[in-house]
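Residue-level structure breakdown
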Amino acid sequence: TTTNNNNNNNCPPKTLHLTAISSPSHLPSLPSELKSNNPTRPLLHIDEHGHPYHYFLNPMTQSVILILLVEMLERFCFYGINYTTTAYLTGEYNDDWNADMPSIQASSYVSISTAVAYTTPFVGAMLADNLLGEYITIIMGCCLCYIPGLILIALTTIPNFMGRIEFNVRAIQWGLLVLWPIGTGTVKACVNVFGAKQFHPILQSSLIERYYVNFYMCINIGALTGGVVVPIVAQWDVTWAYCIPVMVLVVGVSLFLFGGARYVKPVPRYDVGYWMREVGELFCCGGQHDGGGESGERRSQRDKKQQLIQQQPNNSPADKVGIGTVLLLSSLIIPFNIAYAQMATTFIVQGSVMKPWGMIDAPMMNNADAISVLAFGYIIGNIIYPELNRRQIKIPTTHKFAIGSAFGAVAVGCAIITDYQIHRVYRERGEAISILWQSFPYFLIGIGEIFAVSAAYEVAFTVAPAKKKSLASAANLFMVGGAPNVFCIYLYNACRSWFLNANGLAHIHKLSDYSTAKVVNYFWLLEAIAMFGVIVNLLPPVKNWVASIEEAAAEAVKTPMNTPMIRKNLKQRRKDRGGTSSNNDEETPLIKAKKHADYLKYGSGPELRKFGSMRAGPSLKNAHHNPPPTSGGQGQPTTSLAREVKNKLEPYADKK
């Protein structure tokens with residue numbers, strides 16, 4: 001951030017954010033290497049492979065909005081199905097045509113489906129990073145798996161449609177456990193990364209934090225609308241209810257295709273072997289992969305390239321951040337996500353024996369979570385975080401995780417109180433309590449999501465090297481939804497006796513049966529897990545470890561690696577312009593921008609800190625009172641070029 005204090009002492013200092021370039025008034029302050037000749041996309045970035053990309057000044061309104069829209073509609077479909085699956089499989093919507101599953105089996109189906117959905121992002125990451133790119137991968141995931149899975153689930157609701165007099169369990173397994181979750185997992189690995197890549201990686205890097213808050217709010221807008229519309233329609237006709245997500249996703253994909261020409265589409269690596277080596281390194285605890293399966297010639301070429309990289313003095317610190325590290329980072333919120341996973345499983349089981357409030361039943365209570373995220377997401381993302389940034393206060397990532405886990409623990413505590421209340425009222429009066437009792441745990445889980453899950457999305461994208469963004473997103477998603485639901489499946493089976501009624505059966509969706517089960521014991525176990533997450537994230541060694549990884553990632557942005565291709569391209573451009581200075585041949589665009597702003601701080605220039613924020617030195621006003629540094633030990637003042645750039649930038653430093 002650069003600061004300008006006008007000569008008039010009554011005028012407050014103004015700030016120009018050099019990592020939040022979003023206005024035409026900022027363009028004159030940029031070096032030519034960071035500007036394109038495209039008036040609609042004036043920002044230019046050339047990646048390490050020499051590929052040029054042009055960016056909008058305001059990508060949020062020009063392109064990102066369409067990506068957020070398709071994510072919102074996809075979440076409508078996902079949560080519309082996810083929130084109602086347990087009730088559908090246990091026969092809540094149709095007594096004559098259903099799978100007639102016990103509550104524990106239906107909950108296991110939901111957890112398996114969610115685990116698959118949050119594990120298959122690795123497939124989407126491979127396709128996006130190495131073969132197809134995010135844009136094509138999103139389209140293929142929707143058209144080949146997601147939409148067919150939704151259609152198959154909807155067809156199972158039609159009695160005798162598939163030529164069987166009994167409910168077609170095989171069809172629901174293929175739709176619910178295979179096609180639908182694979183489709184959503186493939187898409188989910190790419191959408192958030194694709195949206196973040198619409199921002200210039202240097203000049204708009206500080207805008208990404210707000211993008212992820214907006215991204216998570218769109219998730220919950222979709223979850224809220226899907227969680228209201230589908231359950232309400234399902235109470236009337238479950239077939240029509242499950243046809244709605246099919247139509248919504250078709251509309252979403254069509255809108256996404258409509259904006260195809262607006263997107264920045266990074267070129268994939270076209271190297272499956274690289275992805276295989278990354279996965280091999282990941283599951284070998286970060287060890288070096290031996291390159292098995294490569295030809296001797298390709299291995300030799302790769303070794304030579306690696307030697308060239310190692311010979312460079314400014315080797316990127318990002319190379320130290322592997323996908324295994326991202327997995328470990330994201331694993332810090334597994335305790336919270338175990339509590340979060342209960343919303344579509346045990347919270348539904350508990351709510352099924354409670355008295356509906358009008359049209360609000362157990363599946364619709366999930367919307368209290370979405371409302372909480374939207375309300376507090378707006379407050380935190382648009383009021384609290386900006387105010388903290390203005391005061392230069394940064395909440396450590398592990399503390400965000402701890403806050404989220406704490407809210408998860410309080411939410412489970414409210415579920416425990418609700419369970420005791422269910423038993424007390426039934427024992428004393430033989431009645432059910434209102435479903436509104438569940439608003440407290442859902443509401444608190446939503447607040448926890450804002451801190452824990454959105455921070456996990458951000459840190460996974462921030463610390464991952466540029467060539468591993470989608471794979472890092474897949475690793476984060478696995479820890480957000482895959483691993484916690486696998487753990488929940490184990491917990492269900494290990495604690496199966498707590499979900500049995502007095503007759504030893506797992507059918508507890510009626511109040512008389514639920515009152516004889518010991519579901520509250522399961523909630524106490526969840527409470528201990530959530531509190532464990534709070535304690536771990538507050539440990540100073542954990543905080544320092546995460547901070548060191550973030551610092552390494554920030555350093556990678558500050559000093560990007562100069563590959564031989566970049567040097568070659570820069571030399572050629574110098575030659576074409578008739579340049580003769582060999583000292584400038586090694587300059588990258590970021591180094592040019594750094595030199596360009598040296599006048600702000602008579603020394604090292606702006607310093608790039610973690611999360612892409614810049615801190616300036618002395619103000620322009622104070623600079624008049626400090627002698628400029630000398631050059632080459634000869635006492636030379638600031639060059640005329642620097643003074644000219646300074647004079648051009650001063651009018652724009654008064655604008656935010």
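As the structure is a computational prediction, the values presented were derived from the model and not from experiment. (Residues numbered from 1 in each chain as written. Predicted model: local features only at pLDDT ≥ 70, side-chain atom pairs only at ≥ 80, totals over all residues. Heavy atoms only, no water.)

1. Quick word on the overall build of the protein chain
Looking only at helices and strands, the protein chain has 23 helices and six strands in total. The 656 residues of the protein chain split such that 55% are buried. As displayed, the protein chain has an accessible area near 28,400 Å², and 60% of this comes from carbon and sulfur atoms. (Helix = DSSP H or I, 4+ residues; strand = E, 2+ residues; numbered from the N terminus. Buried < 20%, exposed > 50% of the residue type's maximum accessible area, 1.4 Å probe, protein only. Areas by Shrake-Rupley, 256 points an atom, 1.4 Å probe, with all protein chains shown as cover.)

2. With respect to the environment of F532
As for its position among the elements, F532 is in helix α18 (residues 519–538). With relative accessibility at 53%, the residue F532 sits in the exposed group. Between the C-alpha atom of F532 and that of S405, which follows or precedes it by 127 residues, the distance is 8.6 Å.

3. Here we look at the packing of aromatic side chains
If you walk through the whole model with that rule in mind, you get 30 aromatic pairs. Put simply, the rings of F199, Y211, Y212, F215, Y457 and F461 touch in pairs and so form one group of aromatic residues. The ring of F78 carries the charged tip of R75 above its face, separated from the ring centre by 4.3 Å. Of note, K265 hangs over the ring of Y135, and the distance from its end group to the ring centre comes to 4.1 Å. (Phe/Tyr/Trp six-rings, centres within 6.5 Å; stacked < 30°, edge-to-face > 60°. Lys NZ or Arg CZ within 6 Å of the ring centre and 35° of its normal.)

4. Concerning the pairing of strand β3 (residues 43–46)
Residues in a regular strand project their side chains so that they alternate between the two faces of the sheet. Relative to strand β4 (residues 52–55), β3 runs antiparallel, the two being bridged by four bridges. Bridged to I46 within β4 is P52. A loop of five residues connects β3 with β4, the two strands running antiparallel in sequence, and G50 in this loop sits at a positive phi of about 85 degrees. (Pairing = 2+ DSSP bridges.)

5. A look at a nonpolar patch on the surface
On the surface, L131, L132, I136, M140 and L144 cluster together to form a nonpolar patch covering roughly 380 Å² of accessible area. The element contributing the most residues to the nonpolar patch is helix α4 (residues 133–156), with three residues. Take L144: it is sitting in helix α4. (Patch = residues over 30% accessible without salt bridge, like charges linked within 9 Å, V, L, I, M, F, W, Y side chains within 5 Å. Salt bridge = Lys/Arg side-chain N within 4 Å of Asp/Glu carboxyl O.)

6. Section: the pattern of salt bridges
This model, assessed by the stated rule, comprises eight salt bridges. A salt bridge links E134 to K197, with the shortest nitrogen-to-oxygen separation between them at 2.8 Å. Taken together, the residues E134 in helix α4 and K197 in the loop between α5 (169–196) and α6 (208–236) connect sequence positions 63 residues apart. The class for E134 is buried, based on a relative accessible area of 2%. Taking the relative accessible area as the measure of exposure, K197 reaches 15% and is therefore buried. What you see here is one network of salt bridges that share partners, running through E71, E74, R75 and K188.

So yeah, pure geometry; function would need other evidence.
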